[in-house]
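# Report on the structure
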Amino acid sequence: MRHQSLHTMGQQHGRRSWAEPWKIKMVEPLNMTDRPTRARALADAGYNTFLLHSADVYIDLLTDSGTSAMSDRQWAGMLLGDEAYAGSRNYYHLEEAVRRFYGYRHLVPTHQGRGAEHLISRTLIRPGDHIPGNMYFTTTRLHQELAGATFHDVIVDEAHDPESLHPFKGDVDLAKLAALIDEVGAEQIPYVSLAGTVNMAGGQPVSMANVRAVRELCDRHGIRLLLDATRMVENALFIQEREEGYAQRSIAEILLEFCGYTDGAWMSSKKDHLVNIGGWLAVNDDSLFEELRNLVVVYEGLHTYGGMAGRDMEALAIGIEESVSDDHVRSRVGQVRYLGELLTQWQIPIVRPVGGHAVFLDARRFYAHLAQDVFPAQTLAAELYLDSGIRSMERGIVSAGRDPETGDHKRPKLELTRLTIPRRVYTQAHMDVVAESVKACFDARDAARGLRLVYEPRYLRFFQARFEPL
Ligand SMILES: *Cc1c(COP(=O)(O)O)cnc(C)c1O
């Protein structure tokens, strides 16, 4: 197994490979397609990988959201669903797991992450407020904007540079945050929106030193610090690997310490927690909790299920515990790194260091001859599907949307195509197939012409937009 190159670095003699800490008990057959079939499917989907039928996809790297394989213990938990409308025992198991591993006092369950984002944005934001955050995330920022706030990116500059090898490209730039507080005033900032392993920056982590410093700055101004904990477990691994003093600390210990600097968190359990649906919001403040618990009944469901079935909450409670296992996290991030290192060896431009959940192809450098207005990252996702049936996703100008004021495209510095690895789903051989297909597209890069936008929905346009080849 070529995992060797990753997990036994420094031991050149005596080959000792390292493999996944699980074995396969059930398989799902995949559909193999030929190129003419894929060309038809792609045209029908308007060259948007979100609009493909999954039956036409061979290796699905669209997202790591809700695509994890559950363990036998989680499946067993599904049969222990207590489907009572109120006070399900599975809810109390979930509450206990969140308290134990994340440390927050109060839990509000939601159907998925954006349900939690909606509740927290609506409760804390007043029209005209400002929200600083370490780079935007699509649904997070939209809920903040719909509640009347203006989002401000206060991430370090290195995050916008795909070639910078800064170990914590998710860090908040404290000077940028302090300048914003000076400019708009602390009373106009209901909270700082901090995300673990910043998705849009390429899955880049935040250091413990940085969260501690952000906490201090927030304390000085009486501003809340809230965490998007969606991929905090992966963030904890990077702290363990890269930050002084944490090499001997477990993922669970690091997670608990990090969350301890924040006042609450929202969570898309479809990521770290190894379930197909679910999420939550958790806070320490009693009166804020009162309000949230009241609002959840309006938008999600009763406060002891929040849109989830009892069985979903049970699988989630078990998934939380599995997600903080050091072996699991190492294997998960190790697989992503394996793919990234293969592409790096072949000199294919990717965002480095390789992030926690995905390899991000740098479409700007990949298609150096294409202008951002012809959607290079979207083009690359289409070409990759055509080549091999691998499904990826655009994270560039299409995802960034339009400026609400001017109506023009927002033009992000990063123009990326994301190969997102589901947890516990694909093998190393799948990663080899992916790398070889990316290489084939790279070798044929000069022939790519780009795309033209022919249909554009109003919100989160990347999900449903349609294109035509130029
Ligand atoms: C997926 C995601 C969300 C939204 O969660 P959903 O479960 O998809 O609604 C929020 N923040 C981050 C960082 C995410 O990756």
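Quick notes on the rules
Residues numbered from 1 in each chain as written. Predicted model: local features only at pLDDT ≥ 70, side-chain atom pairs only at ≥ 80, totals over all residues. Heavy atoms only, no water. Domains from an automatic or database assignment. Contact = heavy atoms within 4.5 Å. Buried area = accessible area lost by both parts, 1.4 Å probe. Salt bridge = Lys/Arg side-chain N within 4 Å of Asp/Glu carboxyl O. Polar contact = N/O pair within 3.5 Å; in protein donor to acceptor, adjacent residues only side chain to side chain. Helix = DSSP H or I, 4+ residues; strand = E, 2+ residues; numbered from the N terminus. Pairing = 2+ DSSP bridges. Axes fitted to C-alpha atoms, helices over the stretch in contact; angles between N-to-C directions. Buried < 20%, exposed > 50% of the residue type's maximum accessible area, 1.4 Å probe, protein only. Core = buried A, V, L, I, M, F, W, Y, C linked by side-chain atoms within 4.5 Å. Expected span 1.5 Å × (residues − 1). Phe/Tyr/Trp six-rings, centres within 6.5 Å; stacked < 30°, edge-to-face > 60°. Lys NZ or Arg CZ within 6 Å of the ring centre and 35° of its normal.

Turning our eyes to something else, we now look at the domain arrangement of the chain. Once the domains are mapped, the chain shows domain 1 (19-57 + 326-469) and domain 2 (72-323). Computed from C-alpha atoms alone, the centre-to-centre distance between domain 1 and domain 2 is 26 Å. Between domain 1 and domain 2, the residue contacts involve 32 residues of the former and 40 residues of the latter. Buried area between domain 1 and domain 2, both sides added, is near 3000 Å², and the carbon and sulfur share of it is 56%. Looking only at domain 1, the three residues that lose the most surface to domain 2 are P353, L414 and R423, adding up to 19% of its buried area. Counting the contacts that link domain 1 with domain 2 gives 7 salt bridges. A salt bridge links R365 to E163; the nearest nitrogen and oxygen atoms lie 3.5 Å apart. Counting every contact that joins domain 1 to domain 2 gives 16 residue pairs in polar contact (both at pLDDT 80 or more). Elements with a contribution of two residues or more to the side of domain 1 that touches domain 2: α13 (326-345), β9 (358-362), α16 (397-400) and β12 (416-420).

This next bit is on the sheet that holds strand β11 (residues 393-395). Overall, antiparallel pairing links the 3 strands, which are arranged β9-β12-β11 in an open sheet. Because the sheet does not close on itself, it has two edges, and the strands there are β9 and β11. Going from strand to strand, the sheet's axes swing by 35° on average, the running direction of each strand aside. Bridge analysis of β9 against β12 gives 5 bridges, and the strand direction is antiparallel.

Turning our attention to the side chain of S207. Tracing the backbone through its elements, the reader meets S207 in the loop between β5 (191-195) and α8 (208-221). Assessed through its relative accessible area of 6%, S207 is described here as buried. Within the structure, S207 has its side chain in polar contact with the backbone nitrogen of N210 (distance 3.1 Å). Leaving out residues up to four positions away in the same chain, S207 has contacts with F168, D171, I239, E243 and F258.

To continue, consider the nonpolar core. L94, Y102, L227, F258, W280 and I320 are the most contacted members of the largest nonpolar core, which has 60 residues in total. Residue contacts for I320: discarding those within four places in its chain leaves L94, A97, V98, F101, Y102, H273 and W280. If you look at the next biggest cluster of nonpolar residues, it comprises 32 residues, including Y136, V198, M200 and V296.

Turning next to helix α11 (residues 286-299). For α11, with 14 residues, the first-to-last C-alpha span of 20 Å sits near the 20 Å given by 1.5 Å per residue. Buried-residue contacts for α11 involve β2 (106-110), α5 (113-124), β6 (224-228) and β8 (279-283). Of the residues flanking the end of α11, it is G301, one or two places downstream, whose phi is positive at about 155°.

Within strand β7 (residues 264-268), 5 of the 5 residues are buried, which leaves it mostly tucked inside the rest of the structure. Both faces of β7 are covered, namely the face carrying G264, W266 and S268 and the face carrying A265 and M267. The pairing of β6 with β7 spans 3 bridges and is parallel. Its bridge partner being in β7, L226 is matched across the sheet by G264. Across 5 bridges, the pairing between β7 and β8 is antiparallel.

Here we take up helix α9 (residues 232-242). Burial within α9 is extensive, with 9 of its 11 residues counted as buried. Looking only at α9, the buried set comprises M232, V233, E234, N235, A236, L237, F238, I239 and Q240. Tucked into the core, α9 has its buried residues touching α4 (89-102), α8, β6, α10 (251-260), α12 (310-323) and α13.

Here we take up the pattern of salt bridges. In total, this model carries 31 salt bridges according to the counting rule given. In this structure, D408 and R411 form a salt bridge, with 3.2 Å as the shortest nitrogen-oxygen distance. On the accessibility criterion, D408 (37% relative accessible area) is partly exposed. The partly exposed category is assigned to R411, whose relative accessible area is 42%.

So, on to the packing of aromatic side chains. By the definition in use, this model includes 10 aromatic pairs. Measuring from centroid to centroid gives 5.2 Å for Y91 and Y92, while their planes differ by 80°, and the two rings are edge-to-face. A ring pair is formed by F375 and F467, whose centres lie 5.3 Å apart and whose planes are at 70°; its orientation type is edge-to-face. Here F375, found in the loop between α14 (363-366) and α15 (376-388), pairs with F467, found in strand β14 (residues 466-469); they are 92 residues apart in sequence, far enough to count as distant. Put simply, the rings of F50, F462 and F463 touch in pairs and so form one group of aromatic residues. A cation over an aromatic ring shows up here: R141 above the ring of Y136, its NZ or CZ 3.9 Å from the ring centre. The ring of F462 carries the charged tip of R395 above its face, separated from the ring centre by 4.7 Å.

Attention now moves to unusual backbone geometry. Cis geometry is found at the peptide bond from R352 to P353, where omega equals -5°. Its location among the elements puts P353 in the loop between α13 and β9. One non-glycine residue, L274, lies in the positive phi region at around 65°. For L274, the location among the structural elements is in the loop between β7 and β8. Unlike most non-glycine residues, R424 shows phi in positive territory, near 65°. Along the chain, R424 falls in the loop between β12 and α17 (428-443). Residue R424 is classed as buried on the basis of its relative accessible area of 17%.

This brings us to the environment of I397. Within the secondary structure layout, I397 lies in helix α16. The class of I397 is buried, set by a relative accessible area of 0%. Once the C-alpha coordinates of I397 and A377 are considered, the two residues, 20 residues apart in sequence, prove to be 8.2 Å apart. With near-sequence residues (within four places) excluded, I397 lies in contact with Q372, D373, F375, H409, K410, R411, P412, E415 and R461.

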